[in-house]
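Structural overview for review
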Amino acid sequence: MGHGVPPLSDKSLLKSQAYVNGKWVDAKSGKTFEVTDPSTQKTIGTMPEMDASDTQAAIDAASAALPSFRKTTGRERARMLRKWYQLMVDNADDLAKLITWENGKPMADAKGEVAYAAGFFEWFSEEAPRAYGDTIAATIPGNRIFTIKQPVGVCGLITPWNFPAAMITRKIGPALAAGCTVVAKSPGETPFTAAALAELAHRAGIPAGVVNIVTAMKNTAEVGETLTSSPIIKKVSFTGSTGVGKLLMKQSSGTLKKLSFELGGNAPFIVFDDADLDIAVAGAIASKFRSSGQTCVCANRLYIQSGIYDRFCDAFAEKVKGFKVGGGYDEGVTHGPLIHDRAVNKVAAHVKDAVEQGGKVLVGGQKMPDLGSNFFQPTVIRDMTSQMSLAHEETFGPVAGLFKFDTEAEVVKQANDTEVGLAGYFFSKDIQRCYRIAEALEVGMVGINTGLVSDAAAPFGGVKESGFGREGSKYGIDEYLTIKMVTMGGMGGELQGS
Ligand SMILES: NC(=O)c1ccc[n+]([C@@H]2O[C@H](COP(=O)([O-])OP(=O)(O)OC[C@H]3O[C@@H](n4cnc5c(N)ncnc54)[C@H](O)[C@@H]3O)[C@@H](O)[C@H]2O)c1
Ligand SMILES: O=CCCC(=O)O
């Protein structure tokens, strides 16, 4: 393994092939792409650079596996998912090492991700046997109506690099629970975790063709187009940027697929004067700097009411000064690198823009070339204004911009002044205010007095240009089911012999 990387206990979890129809395969072209460690820039290994014909083979495998898999009972699928969940738990350390290696997040966070990711298999193993239909009172005399829920069919899943395990399990869990088969395109930056999950699927006895993982970097758009235009694929679920989401939606329109899109955010994080300062600071640290700011639900704009503004800025900056940035395997490291230099450059541009317009840097603000080209100092900037780029664009990095506000009406207007609406957070002890603000924020998820909302039990998803559909929770399985209505006529006649 690479420089400074602890060895896996089970070396057979490190794969360098895609997983199609229950077999480990190369691209038909024989081409591969290199994957690099974002901390060290060293090569981790290679993966097949698959193209349209490789993707088609995976779609055909998923299609062939569908007729028998959809006939399995919910209880049988529950057992498979439960087994896969247990294998993730049993191999948690190795999975976390892979996540840290290819994504860069510190080991403690990577272990947290494994638990979160496995939680979706556990959750949906419990949902699988409970996809109930309804009986409905008909308005037409003599008719009886009931519904059954059936799997959508073959699904195409596309996920990003920021949660190499959890974004995939959050889609595959409900798909399998519903009785669907899948072709998942793993992220080019982080394909090894997904491949290890496929190995565990194999060990869990998931039948060949039910889970297929294709890999690509340069050919990503070609693979995406094949999935979205295939008449065999009945549903596409995508997590990633709003721009790519719009493209995939257009591509899917030719075959009118069922879609769920978890797209970009620009989360407002509001602290009212009546909030508990320590709780608000802890919530802001958790929300803003999780995965070095690279989550779609990270606080992007922090609005602090004027009566508490200076105290919040000082206390928050003090906490950020205590961070230790470095390689994810190093002892005591709290925050890792960004995924690539494009991400670093975007963060640097947001800081420069804020400073040029009067923002005052309290902590950080610089690249960290001594650590490596993908490292950026955790940064806190006060005196932010709504003209700055950070107010309008998701930074997706470790920069906290602190805005001052006076009234509820003013802050809600600012918070909603964006075309996206994924998560929003606020801190207050006033219960009536809690209801008012929760109802007024134009987002899919609200955190009140907490900076973390992610939970397999909670519906995850957005409104506006953050997309549609919900993942996790009791609603997540519905994205992979269709409702079939059955009407029976000539019912309700007189009892025979009466
Ligand atoms: N709402 C959510 O749950 C959620 C979760 C994670 C990330 N995101 C969003 O993703 C963005 C950051 O990730 P990113 O910059 O890597 O996003 P991205 O949209 O560029 O890439 C995400 C995934 O889509 C794939 N992809 C890219 N172009 C594609 C194409 N033309 N066809 C098919 N697949 C394609 C990538 O390989 C990757 O696997 C942010 O905007 C963030 O908010 C949203
Ligand atoms: O980045 C998006 C997903 C983050 C999460 O599930 O908490």
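One structure accompanies this document, and this report is about it.

Counting residues in each nonpolar core, the largest one holds 100 residues, and the members touching the most others are Trp84, Leu176, Phe312 and Phe316. By residue number, the principal contributor to this core is helix H4 (residues 107-127), which donates nine residues. The residues touching Leu176, leaving out its near neighbours within four places in the chain, are Phe69, Arg77, Leu81, Trp84, Val182, Ile206, Val210 and Val211.

This next bit is on the sheet that holds strand E6 (residues 144-151). In spatial order, the strands read E5-E6-E22; together these three strands make up an open sheet with antiparallel pairing. The two strands at the open ends of the sheet, each matched to only one other strand, are strand E5 (135-136) and strand E22 (481-488). When E6 meets E22, the two strands line up antiparallel, connected through eight bridges. Note that in E22 the partner of Pro151 across the bridge is Leu481.

Of all the residues in helix H13 (residues 408-416), the buried ones are Glu408, Val411, Val412, Ala415 and Asn416. Down the axis of H13, the buried set is contained in an arc of 125°. They therefore lie on one face. The outward face of H13, more than 90 degrees from its buried face, is lined by the exposed residues Ala409 and Lys413. Contacts from the buried residues of H13 go to strand E12 (267-271), strand E13 (299-305), strand E16 (399-405), helix H14 (431-440) and strand E20 (463-464).

Close to ligand 1 lie 27 residues, the nearest being Thr159, Trp161, Ser241, Leu263 and Glu394. Here an oxygen atom of ligand 1 and a side-chain polar atom of Arg170 are 3.5 Å apart. Here a nitrogen atom of ligand 1 and a backbone polar atom of Glu262 are 3.2 Å apart. Protein burial of ligand 1: of its 830 Å² of free accessible surface, 85% is covered by the chains. Elements represented by at least two residues in the shell around ligand 1 include exactly helix H7 (220-229), strand E10 (233-239) and helix H8 (242-252). Looking at the shell around ligand 1 residue by residue, the class counts come to 14 nonpolar, nine polar and four charged.

With that out of the way, let us pick up unusual backbone geometry. Positive phi values are uncommon outside glycine, yet Gln41 reaches one of about 70°. Locating Gln41 in the fold gives a position in the loop between strand E3 (32-36) and strand E4 (43-48). Backbone geometry at Ser473 places phi at a positive 70°, although glycine is not the residue there. Looking at the element boundaries, Ser473 is found in the loop between strand E21 (467-468) and E22. Residue classification places Ser473 among the buried positions, given a relative accessible area of 1%.

Neighbouring ligand 2 are Tyr116, Asn162, Phe163, Met167, Arg170, Arg290, Thr295, Cys296, Val297, Ser454 and Phe460. Arg170 has a polar side-chain atom sitting 2.8 Å from an oxygen atom of ligand 2. Here Arg290 contributes a side-chain N or O atom positioned 2.9 Å from an oxygen atom of ligand 2. In the complex, the protein chains occlude 99% of the 240 Å² of accessible area that ligand 2 would expose alone. Among the detected pockets, ligand 2 sits in the largest cavity. When the residues that make up the shell around ligand 2 are grouped by side-chain class, the tally is six nonpolar, three polar and two charged.

Relative to the 18 Å expected for 13 residues at 1.5 Å per residue, helix H10 (residues 309-321) spans 18 Å between its end C-alpha atoms, a close match to the ideal helical length. Residues of H10 that are buried include every one of Tyr309, Phe312, Cys313, Phe316, Ala317 and Val320, and no others. Considered in projection along H10, the buried side chains sweep an arc of 120° and stay on one side of the axis. Where H10 is buried, its residues contact E12, helix H9 (277-289), E13, strand E14 (360-363), strand E15 (379-384) and E16.

The N-to-C vectors of helix H3 (residues 92-103) and H4 enclose an angle of 120°; their axes lie 8 Å apart at closest approach. Relative to H4, the element H3 lies oblique. Here H3 runs over H4; the crossing is right-handed. For the pair formed by H3 and H4, the contact residues are Ala92, Asp93, Leu95, Ala96, Lys97, Ile99 and Thr100 on the first element and Met107, Ala110, Lys111, Glu113 and Val114 on the second.

Once that is clear, we can look at the pattern of salt bridges. This structure, assessed with the given rule, holds 20 salt bridges. For Asp10, the salt bridge identified is with Arg203, shortest N-O distance 3.0 Å. In this pair, Asp10 is assigned in the segment before strand E1 (18-20) and Arg203 in helix H6 (residues 191-203), connecting sequence segments 193 residues apart. Across the pair Lys15 and Glu199 runs a salt bridge, and its minimum N-O distance is 3.5 Å. Remark: Glu199 occurs in helix H6 and Lys15 occurs in the segment before E1; sequence separation between them is 184 residues. With respect to burial, Lys15 and Glu199 carry one shared label: buried. Each member of the salt-bridge network shares a partner with another, and the members are Asp10, Lys15, Glu199 and Arg203.

What counts and what doesn't
- Residues numbered from 1 in each chain as written.
- Chains lettered and ligands numbered in written order.
- Predicted model: local features only at pLDDT ≥ 70, side-chain atom pairs only at ≥ 80, totals over all residues.
- Heavy atoms only, no water.
- Core = buried A, V, L, I, M, F, W, Y, C linked by side-chain atoms within 4.5 Å.
- Buried < 20%, exposed > 50% of the residue type's maximum accessible area, 1.4 Å probe, protein only.
- Helix = DSSP H or I, 4+ residues; strand = E, 2+ residues; numbered from the N terminus.
- Contact = heavy atoms within 4.5 Å.
- Pairing = 2+ DSSP bridges.
- Arc of directions from axis to C-beta.
- Near = heavy atom within 4 Å.
- Polar contact = N/O pair within 3.5 Å; in protein donor to acceptor, adjacent residues only side chain to side chain.
- Areas by Shrake-Rupley, 256 points an atom, 1.4 Å probe, with all protein chains shown as cover.
- Nonpolar A, V, L, I, M, F, W, Y, C, P; charged D, E, K, R; others polar.
- 1 Å grid on protein atoms, 1.4 Å probe; cavity = no way out; pocket = protein on both sides within 12 Å on 5 of 7 lines; lining within 4 Å.
- Sits in = over half its atoms within 2 Å of the grid points.
- Expected span 1.5 Å × (residues − 1).
- Axes fitted to C-alpha atoms, helices over the stretch in contact; angles between N-to-C directions.
- Parallel < 35°, antiparallel > 145°, perpendicular 65-115°, else oblique.
- Left-handed = near helix turned anticlockwise from the far one by under 90°.
- Salt bridge = Lys/Arg side-chain N within 4 Å of Asp/Glu carboxyl O.

Function-wise, these values are silent; they only describe arrangement.
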